[in-house]
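# Descriptive analysis of the structure
One letter stands for each residue in the lines below.
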Amino acid sequence: MPHPAVLILAWITLAIVAQALPAAGLVVLAPLLLGLALMLDARQLTRLLRRTRWILLSLLLIYAYTTPGAGWLPELGRYSPTIEGVGEGFIQLGRLLSMLSGLAILLSLLSQSEFIGGIHALVYPLRWLGLSRERVAVRLALTLEYAEPAMGETAADWRSSIRKSLRPPQMNGSQQIELHAPGLRMVDGGCLLLCAAMLYGVWR
């Protein structure tokens, strides 16, 4: 499997490419990524979609009702969404679904320590600015550790979750964070070249 940093870069590349694809390309890309995400980790994909369901619905409604065009339901008169707006809304949904499916695939392939190790490698240029990339990795690890349980609890009891979030975190001074940092291999170089080619195709 490629280096974690390369996989994260591949997902970022996918997100950029999805924004530039026309509707015909999204019709192929979105179902392909959705199917792959379901095969690898259906639970992860379902969790991401559930947490963003209101964003997805709002996005569709905003485009459907704010894009000028012919009425999709003429009997509703001025309250009808437009045909052009509905079409544009589904295009944007396809792009967002492609990004979420790609993220589900990424999270299913990487453990938390591998993900943090990938971020640790990607923020290497921070050293040139005199900043500590180790501190960035530690903060990310702590955020992931505390955010996941908090988000799960919020759905059940949001009032107590808000109260807990306002309290200072109780940290163990002996707590250790593991970074998974393998070396780069030839397959990583091939993946980076492929990402560069895709970005060149988008920006050309």
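Structure report, in brief.

Cut-offs used in this document
Residues numbered from 1 in each chain as written. Predicted model: local features only at pLDDT ≥ 70, side-chain atom pairs only at ≥ 80, totals over all residues. Heavy atoms only, no water. Phe/Tyr/Trp six-rings, centres within 6.5 Å; stacked < 30°, edge-to-face > 60°. Lys NZ or Arg CZ within 6 Å of the ring centre and 35° of its normal. Axes fitted to C-alpha atoms, helices over the stretch in contact; angles between N-to-C directions. Helix = DSSP H or I, 4+ residues; strand = E, 2+ residues; numbered from the N terminus. Parallel < 35°, antiparallel > 145°, perpendicular 65-115°, else oblique. Contact = heavy atoms within 4.5 Å. Nonpolar A, V, L, I, M, F, W, Y, C, P; charged D, E, K, R; others polar. Core = buried A, V, L, I, M, F, W, Y, C linked by side-chain atoms within 4.5 Å. Buried < 20%, exposed > 50% of the residue type's maximum accessible area, 1.4 Å probe, protein only.

## A closer look at the packing of aromatic side chains
- Considering all chains together, one arrives at zero aromatic pairs under this definition.
- The ring of Tyr-79 is capped by Arg-78, whose NZ or CZ atom sits 5.7 Å from the centre of that ring.

## A word on the packing of helix α1 (residues 4–20) against helix α4 (residues 83–109)
- One way to put it is that α1 packs onto α4 with a least axis distance of 9 Å and a crossing angle of 170°. When the axes of α1 and α4 are compared, the pair comes out roughly antiparallel. Here α1 contributes Leu-7, Ile-8, Trp-11, Leu-14, Ala-15, Ala-18 and Gln-19 to the contact with α4, which in turn contributes Arg-95, Ser-98, Met-99, Gly-102, Leu-103 and Leu-106.
- Along the lines of polarity and charge, the residues of the contact of α1 with α4 split into nine nonpolar, three polar and one charged.

## Structural notes on the nonpolar core
- Counting residues in each nonpolar core, the largest one holds nine residues, listed as Leu-14, Ala-18, Leu-29, Leu-33, Ala-37, Leu-45, Leu-48, Ala-104 and Ile-105.
- Contributing elements (two or more residues each) for this core: α1, α2 (23–51) and α4.
- Among the elements that line this core, the one with the most residues is α2, at five residues.
- Here Leu-29 is in contact with Leu-14, Ala-18, Leu-21 and Ser-98, once residues within four sequence places are set aside.
- Core analysis: the second largest hydrophobic core is formed by seven residues, Leu-7, Leu-106, Leu-110 and Ile-119 among them.

Coordinates in, geometry out; function isn't part of it.
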